[in-house]
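Letter by letter, the chains look like this.
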Amino acid sequence: MKNKILAVLAIGLMSIVFYFQTNLSQNLKTQVLININEQTNPRSNKIQNYDYAVISQTQNLIKLDRNEEKTLTIILQNTGKNSWDLSKNSETPLYIQSIFPNDTNSNIYDAKGENWQSPTLYKIQDENKKEEIKTNDTLTFQFRISSPKNPGYYKEKFGLLIQNKKLIKTETLDFDVLVKGDFSNSYSYEYTNPIMKDNYLADKEKNIQIKLKNTGKTPWYNSGDYKTYLQENTANTETELSEYKVNPGEEGTFLVKTLTPSNIGSYEKQFVFKIKNLISFDSSPVNFEMNITTKKVALTFDDGYGEIDPFIDTLDQNNVKATFFMLGCVAQNRPEQMKRIVTDGHMLANHSYNHPDFRTLPADQVLWQVEETRNIMKKITGVDVFPYFRYPYGAHNASTDSLVEGNGWKHIFWTQSTGDYQHHEDSAAGRHQTYYYATLNPPDTSIVLMHIISKSTLGALPDVIKWYRENNYAFITVDEL
Ligand SMILES: [Zn+2]
């Protein structure tokens, strides 16, 4: 009986609290909804020395007016092995810090108020004045945010830190803020694509790269309720930003996955810039011309002596994928470049371990040269370069072929030899030579042989690319020959 009365009392009390809360939030100009997303720590299944769980659970969007401030209350539970010392003289104080993945400049918010001024390092104290938080205990802290000046959508991610800024966990406290108002100054863009027209083979899965500069006043994000995306007009597909966040003044990339048409001809693709769930604002569509062709060219770069990165930079800037026939001994010394070739979508292929003339090698050496290189590249990049191989000097005969091809390798020759290894340094004559031979009467399936060692070739590369693009060749890697 006593319990029953208590229960009725409790329900009654909760209703009153709920009633007041509801009325209160209706009276507030803006509704405050906070969501704290919790994720498990991917680094370990074991109990960490320092770990935490978020107890507060509500929604994930804070809607603010301009110049509005809010105090957020967060309850954290210590789920690690160590106690948290929150005393004044603590040697291991706790902080939360704003974190943006893949963005080292993200904590820069200007004081003039164009962007969000959020605390980047916020010392945690318990509202109930607890100085020690043992395992499984909780603490309550308040956290003040002020609204960004410009209407728009903002995301913040926070992680917990201890003393020397060692991170406990990231992406656990997420705040999404929507500042209401007129979005017309907040969101705008301009094309920065150097290429708005390209050639493709029919029926291929390809990425169209669209680059847009953020000329508005608020950042763009690739996730969340108000994420930025491109919508293809006819296909109704949505393509998110490649970057997590693009600040005003920065450039964002959209890689639009598309299946190329089956018939030769010119097709116009149209994309509209959008912010999800946000009322529309004026934006003219991005037009991209897709030309379906049967002509194709593989740009190939051999050996790997010299600087590899500038070649990848130039290819990436021109939105061209190429093939790198690298030596095993080069791969060993330049693992980062090998990984970059792969992660940037180029093709890594086998050019032997140290460039001997295969015609002079005993059989076991021939096989060692190709297999050792394959193993090295696999270990570094995780990619199996089998079966694409190019003979050093292009030198081969019936007996090397029976060994190499007998083991399943396909050897790739060339149609355009630039002779660029004669020009290590950049010179007008060297650039002219590379360009001249690269574009000298190429067949409809062209393979251009170039070398990383030649700075003249690096200088000529944009013009070589331009020539092939203007002459209706689709750029391919050697697996598409
Ligand atoms: Zn070579």
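Residues numbered from 1 in each chain as written. Predicted model: local features only at pLDDT ≥ 70, side-chain atom pairs only at ≥ 80, totals over all residues.

Novice: I'd like to hear about the overall build of the protein, residue by residue, with values.
Specialist: A count of helical and extended segments in the protein gives eight helices and 28 strands. Counting every position in the protein, which comprises 481 residues, the buried fraction comes to 33%. Pairs at least 24 apart in sequence give 73% of the contacts found in the protein among residues at least 6 apart. (Helix = DSSP H or I, 4+ residues; strand = E, 2+ residues; numbered from the N terminus. Buried ≥ 20, exposed ≤ 12 C-beta atoms within 10 Å, placed from the backbone. Contact = placed C-beta atoms within 7 Å.)

Novice: Describe the nonpolar core, listing the residues and the values that go with them.
Specialist: With 52 residues, the main nonpolar core has Val-297, Leu-299, Phe-324, Met-326, Leu-348, Ala-349 and Phe-475 as its most contacted residues. Among the elements that make up this core, the one with the highest residue count is helix α8 (residues 455-470) (six residues). If we skip the residues at most four places from it in the chain, Phe-475 touches Val-297, Leu-299, Val-320, Lys-321 and Tyr-468. Ile-208, Leu-212, Tyr-221 and Val-246 belong to the second-largest nonpolar core, a separate cluster that totals 15 residues. (Core = buried A, V, L, I, M, F, W, Y, C linked by C-beta atoms within 7 Å.)

Novice: Before we move on, could you go through unusual backbone geometry and cite the residues and values that matter?
Specialist: Peptide bonds are mostly trans, and most non-glycine residues show a negative phi. Note the cis peptide between Phe-386 and Pro-387, where omega equals 5 degrees. One non-glycine residue with positive phi stands out, namely Lys-129, at about 65 degrees. You can call Lys-129 exposed: it has 7 C-beta atoms within 10 Å. At Ser-352, a residue that is not glycine, the phi angle is positive and equals roughly 85 degrees. Take Ser-352: it is sitting in the loop between β23 (347-350) and α5 (363-381). What makes Ser-352 buried here is the crowd of 25 C-beta atoms within 10 Å.

Novice: So what's going on with the environment of Asp-313? Residues and values would help.
Specialist: With respect to the helices, strands and loops of the structure, Asp-313 is situated in helix α2 (residues 309-317). Between the alpha carbons of Asp-313 and Asp-344 there is a distance of 9.6 Å; along the sequence they are 31 residues apart.

Novice: Any chance you could break down the environment of Lys-455 for me, citing the residues and the numbers?
Specialist: Turning to its location among the elements, Lys-455 is positioned in helix α8. Distance from Lys-455 to Glu-425, taken between C-alpha atoms, is 5.1 Å for residues 30 residues apart in sequence.

Novice: Run through the environment of Asn-193, naming residues and quoting values.
Specialist: Along the chain, the position of Asn-193 falls in the loop between β11 (189-191) and β12 (197-200). With 16 residues separating them along the chain, Asn-193 and Gln-209 place their C-alpha atoms 8.0 Å apart. Those residues in contact with Asn-193 that sit more than four places away from it in its chain are Ile-210 and Lys-211.

Novice: Outline the pairing of strand β27 (residues 445-451), listing residues and values.
Specialist: Among the seven residues in β27, six count as buried, and that is most of the element. Bridging between strand β21 (residues 296-303) and β27 involves seven bridges; their strand directions are parallel. The residue of β27 that forms the bridge with Asp-302 is His-451. Where strand β26 (residues 416-417) and β27 come together, two bridges link them in parallel fashion. Bridged to Ser-417 within β27 is Leu-449. Traced from β26 through helix α7 (residues 428-438) to β27, the parallel crossover comes out right-handed. (Pairing = 2+ DSSP bridges. Right-handed = clockwise from strand over helix to strand, strands pointing away.)

All quantities given are derived from atomic positions and should not be read as evidence of function.
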